Amino acid sequence: MTTSTKIDAMKIDATKIDTTKIDVTDIQGFVLKGYNFPLARYLLLELGHPEAAQKFIAQTVQYLTTGERWSAKPATTVNIAFTFNGLAKLELPAPTLDSFPVEFQQGMRARGEILYDTGKNAPEHWDPVWREDRVHVWLAVNAQNQAALDQRCDLLLQIATQTGGAKLLQAQDACATYVDGHPKEHFGYSDGFGNPDFKGADRKCTPGQGKLTENGTWEALATGEFLLGYADESGELPVAPIPHLLARNGTFMVYRKMHQNVAMFRTFLEEQGRLYPGGKEKLASKFVGRWRDGTPVEISPDQMDPDLVKDNNHNTDFTYGKDLSGLRCPIGAHIRRGNPRDSFGFNGDLVNRRRIMRRGLPYGKYAEENEAVQDQDEHGVIFIALNASIFRQFEFVQQQWIEYGNDLHQGNDKDLIIGNHGGKGKSVMQGTADPKNPPFICASLPNFVELRGGDYFFMPSLTALQMMASGTVDPR
Amino acid sequence: MANQSGQIYGLTILAPILGEDDHLDIGHATAVRWYLAGLPQDHTGPFAKISSTHFCRLVVMDDVVFVGSPAREEHLKSRYLVFESNFDGDLDTYLTRMAREIPDLVDAVWKHCVGYPGVADPAAFAAYMKKCQITTTFFFADVNNKTVDQTLKALQVQSDVSHFIAKNQGKPAVELQSAFRILLERMTKAPAPLRGGKDSEKTAAEDRPYDH
């Protein structure tokens, strides 16, 4: 080796190293793919005595769905994750427990001030199951049909009972009505467009879904933004518990049950839509940044475009750099807040470490526009986000971009759809001199969405689960 | 010029903190940190007395550790007191005001720094500060080309007008005009907005009782 190649070798940028080879059979499938199944049941379990709990885990592991490529879609999938209380109940060694990130140790309820989960979103309004510290395990079954769902859940709960390792506290059902491959949420929007692509995941990078490069193309984000044990966007390993084997191929999950006041939203949209010269549907599109059929406003600000919605290579392929004033897609629109892309300049570099992988589903029966609804009807979304750092990714997005507007030059304005407005919220739709696209302001905003509970979870690899099941987690 | 964003000046001072002194019970960096921690951070804070200040910050910087890839090791030559301030007007006026209007604070803080000449001679103090100045490259996201007074007034107008629009958008022209005249009269008569981050949690709308 010559001196110059030696120096070149030392200069290798860790973020440029291709870590495409990840061990998909060791990673839970939930992390690597969106299943797109119509049904799901989230079994919220309390663990029993550690030895029994270990047996429960050991027997459950064989049913888990990994990231292995499917030749055909199975009837059901099974995945598992643990709260900090769950890991403590399992009696993992104290040095291991202490090595988890602080926000995970504290749990979501204790992070209320940071997340702005106050007022109507405060824990006293949560479902009872989330007001205690008894939820230890999230055991999720996604299914193609009801019979398969019931059967698989019965089997898993049987294991829980027989081993005495876990007790069912609550079963949370979720379901989705899919239109053109995208689930409808209860306010009538097609949802689930796009997720951040990361290196090693079993799909190529779709335009608009990884990170923006200098030449305007998109490439997958560093694996370590979504999986522990791999380099992240700064070329470092994410903060992770010890031992390394416990953390590697695992990730953190945020679970939030968000009730939707459908009647309130419909009335609001109807009233404001009458005042808005572009009409009700266009106003709905300005709230979210997508028309209710899913058409991205930034690409098609004046009408829905069904062909574009169906085209998965283009329905997330847009940037905001040429629309910094929000004349097409408002700066405070829901999807622009959640993922501002290049809104802050620097070619989008400021958002690459603030991305989250969304895996949630609606709950409650979808009501068509002509069906009468009430706010207290069972309607909502189980919001699920995966990320390597809850603190750096989910909590930042929630605090700075959803519940605050400074980065976006929107002052104290919050996200119109999911913001904790308390009746005093305001949201500005920027506009032009075009009479069909005027500026519009919504004020005295209520909470269209109310938090009903949730927590932070650790989703271990198969290796880690084996270690937990055999009591061989050794931080030394 | 990078220190200027329109008429707003962005000042960045890095003053080296004095080294260990065997005669002291605690080091200079610790002493200044303790002093800063005790200062009020609301509208009673010392810099509220200098009315041209938008906001400012005092921090003790121990070292700068490089985080990233490829890794490299580098260190500062000493600890530094970082002073950042965004204000209206020119630098000399501001530094002179600091020396004259908050001399006790300036003394209590900068006496822990290398080469501090005191505030008795404002020109000497200004020269010292300029020697410690580095170029400001980034401003806070919301900094625009407005003075403190203009900003406070503009926020009040923004709040009033956006609530007016929200209440009246879509109304017939005649109704709109008469409502606007009432708004205009109220806005003209409204007292100058209060300074100093009072109740920053409250939205501006809550401070406009006539709006609801």
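The rules we used
Within each chain, residue numbers correspond to sequence positions counted from 1 in written order. By the order in which they are written, chains take letters starting at A while ligands take numbers starting at 1. The model is predicted, so local features are restricted to residues of pLDDT at least 70 and side-chain atom pairs to those at 80 or more, both for listing and for counting; the totals for chains, interfaces and linings are taken over all residues. In DSSP terms, a helix is any run of H or I states spanning at least four residues, a strand is any run of E spanning at least two, and both are numbered starting from the N terminus. Radius of gyration here uses only the C-alpha atoms, and the compact-globule reference equals 2.2 Å multiplied by the residue count raised to the power 0.38. Whether a residue is buried, exposed or partly exposed is read from the other C-beta atoms within 10 Å of its own C-beta, which are placed from the backbone; 20 or more gives buried, 12 or fewer gives exposed, and intermediate counts give partly exposed. Note that contacts rest on C-beta atoms placed from the backbone: two residues are in contact if these are within 7 Å. Across the chain, each position has a pLDDT score giving the predictor's confidence in that residue, from 0 to 100. For two strands to pair, DSSP has to find at least two bridges joining them. All the domain ranges listed were derived from an automatic or database domain assignment.

Participant: Give a description of the overall build of chain B that names residues and reports values.
Facilitator: On a plain count of helices and strands, chain B comes out with six helices and five strands. Each helix (α) and strand (β) of chain B, taken in turn from the N terminus, gives the series β-β-α-β-β-α-α-α-β-α-α. Taken against the 2.2 N^0.38 rule, which gives 17 Å for 212 residues, the C-alpha radius of gyration of chain B at 22 Å runs more than 25% over that of a compact globule. Structurally, chain B occupies a C-alpha span of about 75 × 50 × 35 Å along its principal axes. In chain B, which comprises 212 residues, the proportion classed as buried is 20%. Within chain B, contacts between residues separated by at least 24 positions form 73% of all contacts whose residues are at least 6 apart in sequence.

Participant: Lay out the confidence of the model for chain B with the relevant residues and their values.
Facilitator: Segments scoring low in pLDDT should not have their predicted coordinates read at a detailed level. Residue and element names in this part refer to chain B. Of the residues in chain B, 92% reach a pLDDT of 70 or more, and the chain-wide mean stands at 87. Scored below 50 in pLDDT, residues 198-212 makes 17 contacts in the model with residues more than four places away or belonging to other chains. Quick note on the complex model: pTM equals 0.89, ipTM equals 0.75.

Participant: Which residues make up the environment of A:Phe265, and what values do they have?
Facilitator: Within the secondary structure, A:Phe265 sits in helix α11 (residues 262-275). In this structure A:Phe265 touches A:Phe187 and A:Phe448, once residues within four positions along its chain are discounted.

Participant: Break down the pairing of strand β3 (residues 137-143) of chain A for me, citing the residues and quoting the values.
Facilitator: All names here are of chain A. Of all seven residues that make up β3, seven are buried, and the element is covered over most of its length. With burial as the criterion, each face of β3 is covered, one bearing Val-137, Leu-139, Val-141 and Ala-143 and the other bearing Trp-138, Ala-140 and Asn-142. Summarising the sheet, strand β1 (residues 39-47) and β3 pair through seven bridges and their orientation is antiparallel. In the sheet register, Arg-41 faces β3, and the bridge partner there is Val-141.

Participant: Run through the domain arrangement of chain B, naming residues and quoting values.
Facilitator: Annotation of chain B at the domain level lists domain 1 (4-134) and domain 2 (148-211). If you average the C-alpha positions of domain 1 of chain B and of domain 2 of chain B, the two centres end up 37 Å apart.

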